Amino acid sequence: MAPGPAGRTPVFERRTTDGGGGGAGGGSAEKVVALTFDADMTADQGPRAASGERFDNPELVALLRRLKVPSTVFMTGRWAEEYPAQAKAIGADPLFEVANHSYSHHAFSSPCYGLPVVEKSAMTHDVERAFTAFRKAGVRNVVPYFRFPGGCYDDTALRALAPANVTAVQWDVVSGDAFATNADAVAEQVLDGVRPGSLVVMHCTRSAAPATEAAVRRIVPELRERGYRFVKVSELMEDGA
């Protein structure tokens, strides 16, 4: 996307054009939806990973492959460093695209769910450091999209990130999978919220989102029964431009 006003980083959260005058909820809108998965790991969680906590979810990735669901994975640079083989495999699979979720998973505005805050002067470096981590891990299919940790941002952050030449990607459907243990509740929240052009935020982290795989097992077939087609963010953004 083109830079926003005054050179701010542009923000995309949902396709709203339908080509037929139906509006955001119109019946003529194409039934496409983008499932996105945040691969979260903060810069200081190395000791927890070393003690056995799992910040990955290979079973979820395998399920998406079996179900043939194109997806966008918003990956932190620290996650790519911890799981380089998985990061490389995800990036090598044409079913997926890898986007930037910062290096540190620290907040770019405050307050933000108790996350430590990245200084304004370090914001662009944090994003660039994540892209560097992807390259070192051999990740392909990297797209110039960025998701703010926690979805938290302000005008200062949008201005600070302009030199990074990324598009910030938000969402319109919150899955509620973070720390959830009831997969049906997560699935129902997604199924109730999806509209044509929706962008769903979920997580690819076993320790913080243990119910996501089971929720996806229900979400995907039910949305397909409703006539939805799954797309990556790049396709959603391109077609909605």
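Look up: the structure comes first, before these words.
Residues numbered from 1 in each chain as written. Predicted model: local features only at pLDDT ≥ 70, side-chain atom pairs only at ≥ 80, totals over all residues. Heavy atoms only, no water.

**Points about the pattern of salt bridges**
Right, so step 1: Within this structure, the stated rule accounts for 16 salt bridges.
Right, so step 2: The closest approach of N and O atoms between Arg8 and Asp155, which form a salt bridge, is 2.3 Å. Remark: Asp155 occurs in helix 6 (residues 155–160) and Arg8 occurs in the segment before strand 1 (11–12); sequence separation between them is 147 residues.
Right, so step 3: For Asp155, a relative accessible area of 35% corresponds to the partly exposed category. (Salt bridge = Lys/Arg side-chain N within 4 Å of Asp/Glu carboxyl O. Helix = DSSP H or I, 4+ residues; strand = E, 2+ residues; numbered from the N terminus. Buried < 20%, exposed > 50% of the residue type's maximum accessible area, 1.4 Å probe, protein only.)

**Some details on the pairing of strand 2 (residues 32–39)**
Right, so step 1: Within strand 2, eight of the eight residues are buried, leaving the element largely enclosed by the surrounding structure.
Right, so step 2: Alternating residues of strand 2 divide into Val32, Ala34, Thr36 and Asp38 and Val33, Leu35, Phe37 and Ala39, and every residue in both groups is buried.
Right, so step 3: Here strand 2 runs beside strand 9 (residues 229–230); their pairing, made up of two bridges, is parallel. Following the sheet pairing, Val33 is matched in strand 9 by Phe230.
Right, so step 4: Here strand 2 runs beside strand 8 (residues 198–203); their pairing, made up of six bridges, is parallel. Its bridge partner lying in strand 8, Phe37 is registered against Met202. (Pairing = 2+ DSSP bridges.)

**Section: the environment of Arg206**
Right, so step 1: When you line up the elements, Arg206 lands in the loop between strand 8 and helix 8 (212–225).
Right, so step 2: Spatially, the C-alpha atom of Arg206 lies 21 Å from that of Ala137, the residues being 69 residues apart in sequence.
Right, so step 3: At a separation of 2.8 Å, a polar atom in the side chain of Arg206 contacts the side chain of Asp56. (Polar contact = N/O pair within 3.5 Å; in protein donor to acceptor, adjacent residues only side chain to side chain.)

**Remarks on the state of the cysteines**
Right, so step 1: Enumeration over the complete set of coordinates arrives at one disulfide.
Right, so step 2: The side chain of Cys112 participates in a disulfide bridge whose partner is Cys152; the two sulfur atoms lie 2.1 Å from each other. What sets the handedness of the Cys112 and Cys152 disulfide is the S-S torsion sign, and at about 85 degrees it is right-handed. Pair noted here: Cys112 is in the loop between strand 4 (96–100) and helix 5 (123–137) and Cys152 is in the loop between strand 5 (142–146) and helix 6, with a separation of 40 residues, a long-range link.
Right, so step 3: Cys204 takes part in no disulfide bond, and the closest cysteine sulfur, belonging to Cys112, lies 20 Å away. (Disulfide = S-S within 2.5 Å.)

**Focus on helix 5**
Right, so step 1: In this model helix 5 runs 22 Å from its N-terminal to its C-terminal C-alpha over 15 residues, within 8% of the 21 Å that 1.5 Å per residue would give.
Right, so step 2: Burial in helix 5 covers these residues: Met123, Thr124, Asp126, Val127, Ala130, Phe131, Ala133, Phe134 and Ala137.
Right, so step 3: At its buried positions, helix 5 is contacted by strand 3 (71–75), helix 3 (77–82), helix 4 (84–92), strand 4, strand 5 and helix 6.
Right, so step 4: Two residues or fewer past helix 5, Gly138 is found with a positive phi of approximately 80 degrees. (Expected span 1.5 Å × (residues − 1). Contact = heavy atoms within 4.5 Å.)

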